[in-house]
Amino acid sequence: MYGFLGKILRVNLTSGTIAEEALSESLVKKYLGGRGLGTKIYMDEVAKDTDVYSPDNKLILLTGPLTGTLATSAGRLMWITKAPLTGTIGCANSGGEFGPELKYAGFDGIIFEGKAEKPVYLYVNDGKAELRPADDLWGKTVYETTDAVVAATDPDAKVCCIGPAGENRVLYAAIMNEKHRAAGRGGIGAVMGSKNLKAVATRGTGGIKVADPKGFLEACTNARDILKANPVTGTGLGAYGTEILVNIINSSGGMPKNNWRDGAVDPDADEISGETLADKYLVRKKGCFACSMACGRVTKIKDGPYKSAGEGPEYEAAWALGSSCGIHDLAAICKVNFLCNEYGMDPITLGSTFACAMELFDKGLLTLEEMGGNLVFGNTDSIVEFALKTAKREGFGDKLAEGSYRLAESHGAPELSMSVKKQEMPAYDGRSLQGMGLEYATSNRGGCHVRGYLTSPEILGIPVKLDPLVTEGKAAILKTFQDLTAVVDSIGICLFTTFGIGLPEIANMLRTCTGWDFTDEELLAAGDRIWNLEKIYNMGQGFTKKDDTLPPRLLREPLPEGPAKGKVCELDVMLNEYYQLRGWSDQGVPTKEKLSELGL
Ligand code: SF4
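Everything numeric in this text was worked out from a predicted model, so none of it was measured. (Residues numbered from 1 in each chain as written. Predicted model: local features only at pLDDT ≥ 70, side-chain atom pairs only at ≥ 80, totals over all residues. Heavy atoms only, no water.)

A. The overall build of the protein chain, seen in detail. Summing up its helical and strand segments, the protein chain has 25 helices and 17 strands in all. Counting every position in the protein chain, which comprises 600 residues, the buried fraction comes to 64%. For the protein chain, the share of sequence-separated contacts (at least 6 apart) that also reach a separation of at least 24 residues comes to 69%. Element-wise, carbon and sulfur atoms account for 51% of the exposed surface of the protein chain, whose accessible area totals about 19700 Å². (Helix = DSSP H or I, 4+ residues; strand = E, 2+ residues; numbered from the N terminus. Buried < 20%, exposed > 50% of the residue type's maximum accessible area, 1.4 Å probe, protein only. Contact = heavy atoms within 4.5 Å. Areas by Shrake-Rupley, 256 points an atom, 1.4 Å probe, with all protein chains shown as cover.)

Here it is as structure tokens:
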């Protein structure tokens, strides 16, 4: 198979055995790789009533056919399992360099099953793999673990690992790679921790064969040229990172304040913007493997109480720890973001859970005594203190580690959790961006902005400008974006490429890489198949139409100010149309005809 190595590793952590298995070409053609293929393998192998922390649960790491090739931004890998935070399918992807290195070591992916008796790490080195003891790494941070594993293996090894948050089963623990890249959402790091698997290291010197080298080079060069000429991918992302969105989203009236309670126009937004970050703390920009956009930020707080260094934050992290908590000290936000990298936690859910606790306190449903601290809107020091307590599950941190839904529910007010399917929504108000509201409600992994990203047409005008305040046409474009994103996540390139290139360019790279004969429409249909597969998994876990919804605040509390003043999210109108376009019943259930059409 071109683009693939054709082999995966199966690692049984209970018995300590490691086996090589061939990838099925027919399955690969149908589910593409990464997210699609990983979900298919997971559903075939794991009984649907399996507890997320049972040794019978599996954790799957898969790359895509373009991962590690010359294709633009082709550094992606995908982790698939059941998500502890939501109970939905859990799939989280990451860039960096680990995915390419694994392929150069000879494997497209790894299936982890069972549970090790004691902590271990896996080392995959040019066609060989071995489990090694990791007792001395348990309790160590992501940075410490990465340095120790590199020292014990190869100076050029790439390392994925969990930090203390994953060991302590924080429900939004991340799996980090190269210290700063995160497969962040849904709590997959807690699944890795439950298996006593601390890290995976890989080193490879092989290569990847493509079907049509000349055609592939032309397709990749064409895609790169388009990305370089585009103002977002050629200039904006590199200059300011995703933090460039702070002032853009805020001026559109879509940046929620104080747990989404006090409108979505933040007068102090510029204090936490990409422009301010570049001015005060940016050391240099940084890109993942083969990426010309380089949205990564290497940042440093040189002095003061938050003196520290690391990478980030992204827009959504800066918002969650910033505007959503009434905080505008960018140094403190950077510091907490660094702690999230070090301890392996998702900063979106962390910041949103802080904001939920702050509103519970405002409403008299949570006391300072219960908190054992002062986690209130605007208290900058408190977010540093409680980030550490959460990672360690110390004191009130133990409750924060469960995420906002469980916290709010345990205090009698689940409606104060700004989450969908128990995962917190990030940074874009669904009252100001109606399509984003529909996207959150229908996302197969709960509140999420990267399962379609309708901010592109609604705010950035990519590929066409749509009025963010209207509902017409949003269901149709969302379905296309969701299907295209499923393709992108499965073949191993970064979603941000779609700011510049579209289906024709992506299909050309994939065709010339794999040698497969398919039309652009057939490729998009593969995305539709993957989306429906995830939907079927969620239905098996008990999710129904009632879960395709938004927090009551977005449906009933009109925005008080800004361009979207007076608006709520008109979800009902869009949801019915969306179900129809998907070929689902009015209860959101895929019909037999639809499943048959997709070969499911
Ligand atoms: S755009 Fe950013 S996240 Fe995507 S591959 Fe490039 S550096 Fe990584």
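That shown, we press on.
B. Inspection of the nonpolar core at higher detail. Formed by 89 residues in total, the largest nonpolar core has its most connected members in Phe 354, Leu 375 and Tyr 428. The element best represented in this core is helix H12 (residues 330–343), accounting for ten residues. Within the second largest apolar cluster, 49 residues are counted, among which are Tyr 31, Ala 74, Phe 216 and Val 488. (Core = buried A, V, L, I, M, F, W, Y, C linked by side-chain atoms within 4.5 Å.)

C. Molecular detail of the site of the ligand. Residues in close proximity to the ligand include Ser 73, Arg 76, Arg 181, Gly 287, Cys 288, Cys 291, Met 293, Ala 294, Cys 295, Cys 494 and Phe 496, which together make up its full environment. In the shell around the ligand, the residues fall into seven nonpolar, two polar and two charged. Counting contributing residues, the shell around the ligand receives three or more from each of domain 1 (7–203) and domain 2 (242–395). (Near = heavy atom within 4 Å. Nonpolar A, V, L, I, M, F, W, Y, C, P; charged D, E, K, R; others polar. Domains from an automatic or database assignment.)

D. Seen up close, the pairing of strand E3 (residues 58–63). A large share of E3 lies buried, amounting to six of its six residues. Burial of the side chains of E3 extends over both faces: Lys 58, Ile 60 and Leu 62 are buried on one face and Leu 59, Leu 61 and Thr 63 on the other. Examined bridge by bridge, E3 and strand E6 (residues 109–113) share five bridges and lie antiparallel to one another. Looking at E6, one finds that Ile 60 is bridged to Ile 111. Bridging between E3 and strand E4 (residues 77–82) involves four bridges; their strand directions are antiparallel. From the neighbouring strand, Leu 61 faces E4, where its bridge partner is Trp 79. (Pairing = 2+ DSSP bridges.)

E. Just the sheet that holds strand E14 (residues 296–301), in detail. The strand order across the open sheet built from three strands is E13-E14-E15, with neighbouring strands paired in antiparallel fashion. Both edges of this open sheet fall to strand E13 (282–286) and strand E15 (308–311), since each of them pairs with a single strand only. On average, each strand axis in the sheet is inclined to that of its neighbour by 10°, with strand direction left out of account. Sheet topology note: the E13/E14 ladder contains four bridges and is antiparallel. When the bridges of E14 are listed, Leu 282 appears paired with Thr 299. Here H12 sits on the sheet in contact with E14 and E15, set at roughly 65° to E15. (Axes fitted to C-alpha atoms, helices over the stretch in contact; angles between N-to-C directions.)

F. How the structure looks around the layout of surface pockets. By volume, the second largest pocket amounts to about 330 Å³. Lining the second largest pocket are 16 residues; nearest its centre among them are Tyr 405, Ser 419, Lys 421, Lys 422 and Thr 549. For the lining of the second largest pocket, the residue count by class is seven nonpolar, four polar and five charged. (1 Å grid on protein atoms, 1.4 Å probe; cavity = no way out; pocket = protein on both sides within 12 Å on 5 of 7 lines; lining within 4 Å. Points joined across faces, edges and corners; volume = space filled by probe spheres on them.)

G. Spotlight on empty space enclosed by the protein. Per the counting criterion, the structure on display carries two cavities of 30 Å³ or more. For the largest cavity, the calculated volume is near 70 Å³. Lining of the largest cavity is provided by Lys 421, Thr 442, Ser 443, Asn 444, Lys 535, Asn 538, Met 539, Phe 543, Thr 544, Asp 548, Tyr 578 and Trp 584. Considered as a void within the structure, the second largest cavity measures approximately 30 Å³ in volume. Contributing to the lining of the second largest cavity are Ala 83, Thr 88, Ile 89, Gly 90, Cys 91, Arg 185, Gly 186, Gln 423 and Arg 445. The element best represented in the lining of the second largest cavity is strand E5 (residues 89–94), accounting for three residues.

H. Quick peek at the environment of Tyr 578. Here Tyr 578 shows up in helix H24 (residues 571–582). The buried category is assigned to Tyr 578, whose relative accessible area is 0%. For Tyr 578 and Ala 229, which are 349 residues apart along the polypeptide, the C-alpha to C-alpha distance reads 34 Å. Sequence-distant contacts of Tyr 578, defined by excluding residues within four places in its chain, comprise Leu 438, Thr 442, Ala 475, Leu 478, Gln 482, Trp 531 and Trp 584.

I. Quick peek at the sheet that holds strand E1 (residues 7–12). Spatial strand order, E2-E1-E6-E3-E4-E5: six strands in an open sheet with mixed pairing. Of all strands in the sheet, those with a lone pairing partner are strand E2 (17–22) and E5, marking the two edges. Direction aside, the axes of adjacent strands within the sheet are offset by 15° on average.

J. Layout of the domain arrangement of the protein chain. Partitioning the protein chain into structural domains gives domain 1 (7–203), domain 2 (242–395) and domain 3 (434–499 + 517–598). Taking only C-alpha atoms into account, the centre of domain 2 sits 27 Å from that of domain 3. Listed per partner, the contact involves 20 residues of domain 2 and 15 residues of domain 3. Of the roughly 1300 Å² buried between domain 2 and domain 3 on both sides combined, carbon and sulfur atoms contribute 71%. Summed over the shared surface of domain 2 and domain 3, the number is four residue pairs in polar contact (both at pLDDT 80 or more). Taken together, the elements giving at least two residues each to the side of domain 2 that touches domain 3 come down to helix H9 (245–251) and helix H13 (347–362). Here the side of domain 2 that touches domain 3 takes four residues from H9, the largest share from any one element. For the side of domain 2 that touches domain 3, the residue count by class is nine nonpolar, six polar and five charged. (Buried area = accessible area lost by both parts, 1.4 Å probe. Polar contact = N/O pair within 3.5 Å; in protein donor to acceptor, adjacent residues only side chain to side chain.)

K. Structural view of the pairing of strand E7 (residues 120–125). Within E7, five of the six residues are buried, which leaves it mostly tucked inside the rest of the structure. Direction of pairing for E7 relative to strand E8 (residues 128–133): antiparallel, over a ladder of six bridges. Considered in E8, the bridge of Val 120 is made with Pro 133. Where E7 folds back onto E8 in an antiparallel hairpin, the turn is made up of two residues, including Asp 126, whose phi is positive at roughly 40°.

L. Quick look at the pattern of salt bridges. As enumerated under the stated definition, the model contains 43 salt bridges in all. We note a salt bridge from Lys 363 to Glu 359, for which the minimum N-O separation is 3.5 Å. The residue Arg 431 makes a salt bridge to Asp 429 at a minimum N-O spacing of 2.8 Å. Via salt bridges that share partners, Glu 97, Glu 101, Asp 154, Asp 156, Lys 158 and Arg 203 belong to a single interconnected network. (Salt bridge = Lys/Arg side-chain N within 4 Å of Asp/Glu carboxyl O.)

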